[in-house]
2 protein chains.
Amino acid sequence: MNNPFLVEVARGALVESRHRGSVSVVDADGAAVLSLGDVDRRVFPRSAVKALQAMPLVESGIAEAYALTDEEIALACASHSGEPEHVAAAQSMLAKAGLDEGCLECGVHWPMGEAANRALAAQGQGPSALHNNCSGKHAGFICLACGMNEDPTGYVAAEHPVQRRVREALEDLTGACHTQEKGGIDGCSIPTYAIPLPSLAFGFARFGAGAGLSRESQAAAERIRRAVARHPFMVAGTGRFDTRLMEILRERAFVKTGAEGVYCAALPELGFGIALKAEDGNGRAAEAMMAALVLRFLRLGEERAAVEALAQPVLRNWNGIEVGQVRVSPDLVG
Amino acid sequence: MNNPFLVEVARGALVESRHRGSVSVVDADGAAVLSLGDVDRRVFPRSAVKALQAMPLVESGIAEAYALTDEEIALACASHSGEPEHVAAAQSMLAKAGLDEGCLECGVHWPMGEAANRALAAQGQGPSALHNNCSGKHAGFICLACGMNEDPTGYVAAEHPVQRRVREALEDLTGACHTQEKGGIDGCSIPTYAIPLPSLAFGFARFGAGAGLSRESQAAAERIRRAVARHPFMVAGTGRFDTRLMEILRERAFVKTGAEGVYCAALPELGFGIALKAEDGNGRAAEAMMAALVLRFLRLGEERAAVEALAQPVLRNWNGIEVGQVRVSPDLVG
């Protein structure tokens, strides 16, 4: 099955590039609300499921025991830009477990945020694992290990108690088996498991609505969604799509990007979960798709124009001249 | 017509993302050697035609009159990384025309090369138009204007004598009309004209083989190809695909990337020109496609392994662990 064109990028009067994709929107009972493209194909959710991966930390009471703040909970769900606030929060989480960045197993990269990247260079410094966009998730895993009285060493391995617990949480929420033959290694070295988009969307529908979850899981999901809605900067960073959209919509939409053009969302007031993938892995396409779906399903007032600008961004060149536009397809607009 | 899948990106045992594309390879008579996907669709060549855009500068004798070096000629064809050597050569070209960076109309951006970017920040400096990846092409345009006794001011406009002359050269080489309704504005503010891939490939076949060109044009094409083959660093930069491939193959393959997944090449010994586009605009796909086509058509000896590594690069995560691979389709391998 060919995935449909869902996003096009225009230059002048012509279409320069086109992105195909697949979309699944389901309700909290798992019933399909919208299905576009080949939704049966398994997709690696990558960082789009960080909020679901943070569930064990919160529902176990360990986040509470370590007195993690809302900013820190939000950072546990983040693909952050490595700005000073992100780095400080990751450090603080580790300190609460009595540890430091030496325990992080996510690897080192320069900050994703360009300004943070150059600011670090201007200080004559290099990056540490704290600047890795996944450092908050990893600090959360380390807190989870310590709270479970497990040695955090090797916490990225599929058979470490931390990853087993995280995998169980993902299986519970999505209803999809996370089998080793459908597994890969993520950018930060933890396992990632390919599952179909409707399962992923179902996990987010339940994360948003709490339907069918234990009382502890419901409370954990609510705590996580609220923490992110209060601190959307912590989950991404300056100018980033997730931060901008949630600064506009707060608790009405939980959205999270993943590498290779994956996006997930929960729309709690409707009980809907959304999962999408740009076939080619492109992030600009995935962002436009997500903004279009939010516009399609949520009744928006004066926030509408700001979300529309995220769905169909104007492209400007280095002189600020308008040269093109990203456009979403009528199939997405509905 | 659906473009075929030409590149896939695997993670673990699964395919994570897939890229479709179109390819045209033609000989110096314009006869099709290989055609994949929708090659009739017009494509903006963007920076992939910089070498053709540099033809008027050289064939007019103006490059010679200003004593432009091989490094500077190569820079006139470059999408460079903004490394110190690139910046110095652009400055030198402008100085030879009695001008400086104040004349550049390409806009300002931080160096494309990460190390150059951070080195500049570490020096407490910001970027100038010299760091723009197109500054060499623009310095060439300014030399052309001065050599033509034209005021360089406004040299980026479609109706400035410089852009008219460049457009004529592109029409001569490719045989395709460059009409305003198929025009767009490029990232550096000059016009870019969408033409079909076979026309673009034909232009590069003739640029490589010299067939059907005037003696001045033949000599100019040869000078440009040789300058780039001698200085592949100047046309891109540290670690970049064009630089790496031409460091391996020198005069056997002239290759040039363009934005939005376009790539062009000339294989002079065969008289072939290549033009390709990743449907989604993706650069990793376009690079893999180009390397696969070079492998398909050129008889390679001990260089083969190095080019194969460019066609099917292994993907490693932040800890250096192998997590996947880019793979080209059998349609490309032939």
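What you see is a predicted model; the values in this text were computed from it and never measured. (Residues numbered from 1 in each chain as written. Chains lettered and ligands numbered in written order. Predicted model: local features only at pLDDT ≥ 70, side-chain atom pairs only at ≥ 80, totals over all residues. Heavy atoms only, no water.)

## Notes on the overall build of chain A
The secondary structure content of chain A amounts to 15 helices and 12 strands. At 19 Å, chain A has a C-alpha radius of gyration in line with the 20 Å of a compact globule built from 334 residues. Projecting the C-alpha coordinates of chain A onto the three principal axes gives extents of approximately 60 × 50 × 40 Å. A separation of at least 24 residues holds for 63% of the contacts in chain A among residues at least 6 apart in sequence. Carbon and sulfur atoms provide 48% of the accessible area of chain A, an area that totals close to 11,900 Å². Counting 32 positive and 40 negative side-chain charges, chain A places the averaged centre of each group 4 Å from the other. (Helix = DSSP H or I, 4+ residues; strand = E, 2+ residues; numbered from the N terminus. Rg over C-alpha atoms; globule rule 2.2 N^0.38 Å. Contact = heavy atoms within 4.5 Å. Areas by Shrake-Rupley, 256 points an atom, 1.4 Å probe, with all protein chains shown as cover. Lys, Arg positive; Asp, Glu negative; His and termini not counted. Charge placed at Lys NZ, Arg CZ, Asp CG, Glu CD.)

## So, the interface of chain B and chain A
Contact residues are listed per partner, giving 49 residues for chain B and 49 residues for chain A. Both faces considered, chain B and chain A share a buried interface measuring about 4,200 Å² in area, 45% of it formed by carbon and sulfur atoms. For chain B, the biggest contributors to the area lost against chain A are R18(B), R118(B) and W318(B); these three give 16% of the whole. Summed over the shared surface of chain B and chain A, the result is 8 salt bridges. With a shortest N-O distance of 3.1 Å, E16(B) and R46(A) are connected by a salt bridge. Our count for the contact surface shared by chain B and chain A stands at 36 residue pairs in polar contact (both at pLDDT 80 or more). (Buried area = accessible area lost by both parts, 1.4 Å probe. Salt bridge = Lys/Arg side-chain N within 4 Å of Asp/Glu carboxyl O. Polar contact = N/O pair within 3.5 Å; in protein donor to acceptor, adjacent residues only side chain to side chain.)

## Focus: the pairing of strand β10 (residues 272-278) of chain A
All names here are of chain A. In terms of burial, β10 is a largely internal element, 7 of the 7 residues being buried. Both faces of β10 are covered, namely the face carrying F272, I274, L276 and A278 and the face carrying G273, A275 and K277. The pairing of strand β2 (residues 14-26) with β10 spans 6 bridges and is antiparallel. Among the inter-strand pairings, S24 is bridged to a residue of β10, identified as A275. Hairpin remark: strand β9 (residues 262-267) followed by β10, antiparallel, with 4 residues in the connecting loop; positive phi at G271, about 75 degrees. (Buried < 20%, exposed > 50% of the residue type's maximum accessible area, 1.4 Å probe, protein only. Pairing = 2+ DSSP bridges.)

## Things to note about the packing of aromatic side chains
Applying the stated rule across the entire model yields 12 aromatic pairs over all chains. Ring centres 5.3 Å apart and planes at 70 degrees place the aromatic pair F207(A) and F254(A) in the edge-to-face group. You can see F207(A) sitting in helix α9 (residues 197-209) and its partner F254(A) sitting in strand β8 (residues 254-258), a full 47 residues away along the chain. Its relative accessible area of 0% is what places F207(A) among the buried residues. A residue is classified by how much of its surface remains accessible, and F254(A), at 3% relative accessible area, is buried. Relative to F297(B), the ring of F272(B) has its centre 5.5 Å away and its plane inclined at 90 degrees; by these criteria the two rings are edge-to-face. (Phe/Tyr/Trp six-rings, centres within 6.5 Å; stacked < 30°, edge-to-face > 60°.)

## Observations regarding the relation of the copies chain B and chain A
Each copy of the sequence occupies a distinct position, and chain B is placed on chain A by a rotation of 180 degrees and an axial shift of 0.0 Å, giving an RMSD of 0.0 Å. What the superposition gives is, in effect, a two-fold axis relating one chain to the other. When C-alpha positions in chain B are compared against the rotation axis, the closest is assigned to A122(B), at 2.0 Å. Mapped onto chain A, 100% of the interface residues of chain B are again interface residues, and the two copies thus contact each other with one and the same surface. (Least-squares fit on C-alpha atoms with pLDDT ≥ 70 in both.)

## Overview of unusual backbone geometry
One non-glycine residue, E260(A), lies in the positive phi region at around 60 degrees. Here E260(A) shows up in the loop between β8 and β9. Phi is positive for A67(B), which is not a glycine, with a value near 55 degrees.

## A look at helix α7 (residues 135-147) of chain A
All names here are of chain A. When the terminal C-alpha atoms of α7 are compared, their 18 Å separation across 13 residues agrees well with the 18 Å that a helix rising 1.5 Å per residue should span. Among the residues making up α7, those that are buried are S135, G136, K137, H138, A139, G140, F141, I142, C143, L144, A145 and C146. Each element contacted by the buried residues of α7 is listed here: α1 (50-53), α2 (55-59), α3 (62-65), α4 (70-76), α5 (84-96) and α8 (161-174). Backbone geometry just after α7 places N149 at a positive phi near 60 degrees. (Expected span 1.5 Å × (residues − 1).)

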